[in-house]
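# Remarks on the overall topology
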Amino acid sequence: MTGKDHNANHSADKISDLDFEVLKDFIYRHCGIFFHATRKCFLESRVTRRMTATDIKSPADYCRFLASGTKGSEELRELLNELTVTETCFFRNTAQLSALENKFLPEIVASKSKTGFRKLRIWSAGSSSGEEAYTLAMILSEKRSTILKDWIIEIIGTDINESILAKAKEGIYSAYSVRHTPEPYRKKYFSEAAPDRFILSPEIRQSVVFSRLNLYEDGKMVFMKSFDFIFCANVLIYFDTASKTKVVQHFYNNLQSYGYFFVGQAESLHGVSDKFKTIHFPSGIAYRK
Ligand SMILES: C[S@@+](CC[C@H](N)C(=O)[O-])C[C@H]1O[C@@H](n2cnc3c(N)ncnc32)[C@H](O)[C@@H]1O
């Protein structure tokens, strides 16, 4: 198809099937997120918004702009801020958190204590607005006077969406975000500035470092080393099998030999990777090397 046919294929603001294919392909190659044809309307509405913001008149021109070097890369970041699904909340997966607190954490702490290496590294990959990483920080903070006394704890939250990371760093949440937070945690770690405004304590906010990371970018993933626990929950559902396999291989490489890898409640590594061992706990599974 020629460039002329390409342009002739769409009206002023509708995305033609060809433009959809180009955009879908571009996004997939950049970050692994796969847009099925059923999500064309969603993509269209977000691209239309970005076309208005950038004053670009046609989807075909917008596709070309995305591929146009530095300015295109900046625009791609903006587009991804609009396209990513960031739904999350505190204490989202209670079965997993309970297994971590009562089984996996004490086990790793006991075996590391024997070596005298008192440091834990935890990664919330696809952290969205920070609820998962901060939930882990609160649970570990409760162990500060017992099994984690004098331990160095590093919790890292990463996401591809810059706007959502800014929200994570701010640490201010709605009542909806904290709805599953057990009362003692809510009382201890949040101040309720207004009915729908929960401000996270500075101690917890400062215990997590957030940064932008595209899980699909091999060059960056190789630096995320030596984690005791990796959480990548409700992120890979937006990827196809090939991109899941590629990203999960990095998690495998970056996990300590005795560490644990967790995905979301409705997810599994079935058909994605056969390298991990499956560890069952009540109402869930974890993965180990
Ligand atoms: C539904 S949220 C999951 C949040 C949290 N992990 C949870 O389970 O509650 C999915 C997050 O994955 C992020 N994401 C999607 N693709 C990504 C990629 N290629 N690299 C990094 N983060 C990505 C999105 O920006 C979004 O914030």
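Here is what the cut-offs are and how they apply
- Residues numbered from 1 in each chain as written.
- Predicted model: local features only at pLDDT ≥ 70, side-chain atom pairs only at ≥ 80, totals over all residues.
- Helix = DSSP H or I, 4+ residues; strand = E, 2+ residues; numbered from the N terminus.
- Rg over C-alpha atoms; globule rule 2.2 N^0.38 Å.
- Buried ≥ 20, exposed ≤ 12 C-beta atoms within 10 Å, placed from the backbone.
- Pairing = 2+ DSSP bridges.
- Core = buried A, V, L, I, M, F, W, Y, C linked by C-beta atoms within 7 Å.
- Domains from an automatic or database assignment.
- Contact = placed C-beta atoms within 7 Å.
- Nonpolar A, V, L, I, M, F, W, Y, C, P; charged D, E, K, R; others polar.
- Arc of directions from axis to C-beta.
- Near = placed C-beta within 6 Å.
- Axes fitted to C-alpha atoms, helices over the stretch in contact; angles between N-to-C directions.
- Parallel < 35°, antiparallel > 145°, perpendicular 65-115°, else oblique.
- Left-handed = near helix turned anticlockwise from the far one by under 90°.

## Side note on the overall build of the protein chain
Broken down by element type, the protein chain carries twelve helices and ten strands. For 289 residues, the compact-globule estimate of 2.2 N^0.38 gives 19 Å, and the protein chain sits close to it at 21 Å. Its C-alpha atoms put the protein chain at 70 × 50 × 35 Å along the principal axes. The buried share of the protein chain, reckoned over its 289 residues, is 34%.

## Quick look at the sheet that holds strand 4 (residues 190-194)
With respect to topology, three strands assemble into an open sheet ordered 3-5-4, the strand pairing being antiparallel. A strand with exactly one partner marks an edge of an open sheet, and here the two such strands are strand 3 (172-173) and strand 4. One ladder, built from four bridges, connects strand 4 with strand 5 (residues 197-200); its direction is antiparallel. Bridging from a neighbouring strand, Phe190 pairs with Leu200 of strand 5.

## A short note on the nonpolar core
Counting residues in each nonpolar core, the largest one holds 59 residues, and the members touching the most others are Tyr134, Ala137, Ile230, Phe231, Cys232 and Phe261. When residues of this core are assigned to their parent elements, the largest contribution, six residues, is made by helix 7 (residues 131-141). The residues that make up this core include at least three from each of domain 1 (3-83) and domain 2 (94-288). Beyond its immediate chain neighbours, meaning those up to four positions away, Ala137 contacts Ile155, Ile204, Ser207 and Val208. Ranked by size, the runner-up nonpolar core spans ten residues in total, among them Phe20, Val22, Tyr62 and Cys63.

## Considering unusual backbone geometry
Of note in the backbone geometry, Ser128 takes a positive phi value of approximately 55° without being a glycine. Mapping Ser128 onto the fold places it in the loop between strand 1 (119-125) and helix 7. For Ser226, which is not a glycine, the phi torsion comes out positive at approximately 55°. Within the fold, Ser226 resides in the loop between helix 11 (218-221) and strand 7 (227-232).

## Regarding the domain arrangement of the protein chain
Accessible area lost upon the coming together of the parts is a frequently used measure of interface size. Examined at the domain level, the protein chain breaks down into domain 1 (3-83) and domain 2 (94-288). Taking the mean C-alpha position of each, domain 1 and domain 2 sit 32 Å from one another. Considering each element in turn, the side of domain 1 that touches domain 2 owes the most residues, three residues, to helix 5 (residues 70-83). Of the residues that constitute the side of domain 1 that touches domain 2, the class distribution is four nonpolar, three polar and one charged.

## Topic: the pairing of strand 2 (residues 152-159)
Relative to strand 2, strand 1 runs parallel, the two being bridged by seven bridges. Its bridge partner lying in strand 2, Ala125 is registered against Thr158. Bridge count between strand 2 and strand 6 (residues 208-212): five bridges; the pairing is parallel. What sits directly across from Gly157, in strand 6, is Phe210.

## A closer look at helix 4 (residues 59-66)
Three or more residues of helix 4 are buried, namely Pro59, Ala60, Tyr62, Cys63 and Leu66. An end-on view of helix 4 places all buried positions within 160° of arc, on one side of the element.

## Side note on the environment of Ile122
Here Ile122 is to be found in strand 1. Taking the C-alpha atoms as reference points, Ile122 and Leu97, separated by 25 residues in sequence, lie 13 Å from one another. Setting aside residues up to four positions removed in sequence, Ile122 forms contacts with Leu136, Glu154, Ile155, Phe227, Asp228 and Phe229.

## Considerations on the site of the ligand
Near the ligand lie 26 residues; those nearest to it are Thr84, Thr88, Gly126, Ser128 and Ala233. Here the shell around the ligand is built from residues that sort into eleven nonpolar, eleven polar and four charged. Split by domain, the residues of the shell around the ligand number at least three in each of domain 1 (3-83) and domain 2 (94-288).

## A word on the packing of helix 2 (residues 17-31) against helix 4
Packing of helix 2 against helix 4 leaves a shortest axis separation of 10 Å and a crossing angle of 20°. What the angle tells us is that helix 2 and helix 4 run roughly parallel. Handedness of the crossing formed by helix 2 with helix 4: left-handed. Residues Asp19, Val22, Leu23 and Phe26 of helix 2 form the contact with helix 4, whose participating residues are Pro59, Ala60, Cys63 and Leu66. Here the residues of the contact of helix 2 with helix 4 are counted per class, giving seven nonpolar, no polar and one charged.

## Concerning the pairing of strand 5
One face of the sheet, then the other: side chains in a regular strand alternate in exactly this way. Here strand 5 shows a clear split, with Phe198 and Leu200 buried on one side and none of Arg197 and Ile199 buried on the other. When strand 3 meets strand 5, the two strands line up antiparallel, connected through two bridges. What sits directly across from Ile172, in strand 5, is Ile199. From the end of strand 4 to the start of strand 5, which pair antiparallel, there are two residues.

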